[in-house]
Amino acid sequence: MTLTAKEQITVRRVTPTIGAEITGIDLTDTSPENITQINDLLLEHGVLFFHDSMLETEQHLDLARSFGELSIYPLEKIMLKPEDEPQYLTDIIDHEDDPIKQGNWHTDVTWIDEPPKLGFLQAVDVPASGGDTLWADLYKAYDALSPVMQNFLEGITVNHRMSENLLHRIGRAAGQEFVQKLLETFPTVQHPMVRTHPETGRKALFIGGEFMLSIEGMHDDESQWLIKWLKHHITNPNFHVRWSWTNGDFVIWDERCTNHKALNDHQPSYRHIRRCTVDGDKPFYLNN
Ligand SMILES: [Fe+2]
């Protein structure tokens, strides 16, 4: 009997709720049927891991483009001249003199109205050990709360903005005038604390890490306490999947119901990972 491509697909759950290792799917196949299949798996598992999938940069972009509009990092977008070619891919390179850039739990760019919906990472050249990436399941983080806490959080709106950390780094590189321009261009945005996933309809905590500035309507001390507690809540290892990279691994994740965090235990080893994201929609909460 000849097996079809679909019959050869295997799905191995890495944890009971988040993360699945997939074999038998060709990531260079951007047919609607294949993309629907990947999307269905993504909605079920939140993060998908593929081995032996070293994509060329164009293949990486073609795959991502099949799920939505390729994101241009907002800081680049405002500096882009009409004649410039946008950079959709970012090479994240860690080495002895240039350590890892983002080690905190976060989902990407929540300081804009419509943050990215999916992320795509290619392991180009990774160390034999170390430099793992973790993802947190924010459906599970929500489900684990008491009904009282769920009800309380469901009414809450969070102010998100570029963090002081990020602004400080930008200020050092580009000057305070540019930082002022950024703050005017990207004012504080509001997102719900509990987000209804637009495709699954499930509720997830919407945690933006250091981009969560304050809680709308709360006194500052209440607000800072709650943000701190929420950031701590998602560090529970029962919500996590951890991936140890091998060259050629490709990972796709859903930014709308997960957080991620890069470990920094591989210094001074070299690590090269290539990433892009696709644009998402405005987060919302449906009371049902
Ligand atoms: Fe990130």
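Residues numbered from 1 in each chain as written. Predicted model: local features only at pLDDT ≥ 70, side-chain atom pairs only at ≥ 80, totals over all residues. Heavy atoms only, no water.

Peer 1: I keep staring at the overall build of the chain and nothing clicks. Help me out?
Peer 2: A count of helices and strands for the chain gives eight helices and 15 strands. Taking 288 residues into account, the globule formula puts the C-alpha radius of gyration at 19 Å, and the chain, at 19 Å, falls close to it. Counting only C-alpha atoms, the chain reaches 65 × 50 × 40 Å along its principal axes. Within the chain, buried positions represent 50% of all 288 residues. A fraction of 83% describes how many contacts in the chain between residues 6 or more apart in sequence connect residues 24 or more apart. (Helix = DSSP H or I, 4+ residues; strand = E, 2+ residues; numbered from the N terminus. Rg over C-alpha atoms; globule rule 2.2 N^0.38 Å. Buried < 20%, exposed > 50% of the residue type's maximum accessible area, 1.4 Å probe, protein only. Contact = heavy atoms within 4.5 Å.)

Peer 1: Can you walk me through the sheet that holds strand 6 (residues 133-137) in this structure?
Peer 2: Across a sheet, strands are paired by hydrogen bonds formed along the backbone, either parallel or antiparallel in direction. The three strands lie next to each other as 12-6-14, forming an open sheet whose pairing is antiparallel. Every interior strand has two partners, whereas the edge strands, strand 12 (240-243) and strand 14 (258-262), have only one. This sheet shows a mean twist of 20° between the axes of neighbouring strands, independent of strand direction. Taken together, the five bridges between strand 6 and strand 14 define a ladder with antiparallel strand orientation. Paired with Ala-136 across the bridge in strand 14 is Asn-259. (Pairing = 2+ DSSP bridges. Axes fitted to C-alpha atoms, helices over the stretch in contact; angles between N-to-C directions.)

Peer 1: How should I be thinking about the coordination of the iron ion in this particular structure?
Peer 2: Ideal coordination angles are 109.5 degrees for a metal with four donors arranged tetrahedrally and 90 or 180 degrees for a metal with six donors arranged octahedrally. Within the protein, the iron ion binds to His-106 (NE2), Asp-108 (OD) and His-260 (NE2); these donor distances fall in the range 2.2 Å. Taken in chain order, the donor set of the iron ion reads H-x1-D-x151-H. With His-106 in the loop between strand 4 (90-94) and strand 5 (118-125) and His-260 in strand 14, this pair connects stretches of sequence that are 154 residues apart. The exposure class of His-106 is buried, given its relative accessible area of 7%. Residue classification places His-260 among the buried residues on the basis of a relative accessible area of 9%. (Donors = N, O, S within 2.8 Å, 3.2 Å for Na, K, Ca; no water.)

Peer 1: Could you clarify how one ought to interpret the side chain of His-266 in this entry?
Peer 2: As for its position among the elements, His-266 is in the loop between strand 14 and strand 15 (271-278). A polar contact is formed between the side chain of His-266 and the side chain of Asp-94, at a distance of 3.1 Å. (Polar contact = N/O pair within 3.5 Å; in protein donor to acceptor, adjacent residues only side chain to side chain.)

Peer 1: Looking at this model, I keep getting lost on helix 5 (residues 147-154). Mind explaining?
Peer 2: One full turn of an α-helix is made of 3.6 residues, so residues set three or four places apart face in the same direction. Residues of helix 5 that are buried include every one of Met-149, Gln-150, Leu-153 and Glu-154, and no others. Along the axis of helix 5, the buried positions cluster into a sector of 130°, meaning they face one direction only. Exposed and oriented more than 90 degrees from the buried face of helix 5 are Pro-147, Val-148 and Asn-151. The secondary structure elements touched by the buried residues of helix 5 are helix 4 (138-143), strand 9 (194-196), strand 10 (203-205) and helix 8 (220-233). (Arc of directions from axis to C-beta.)

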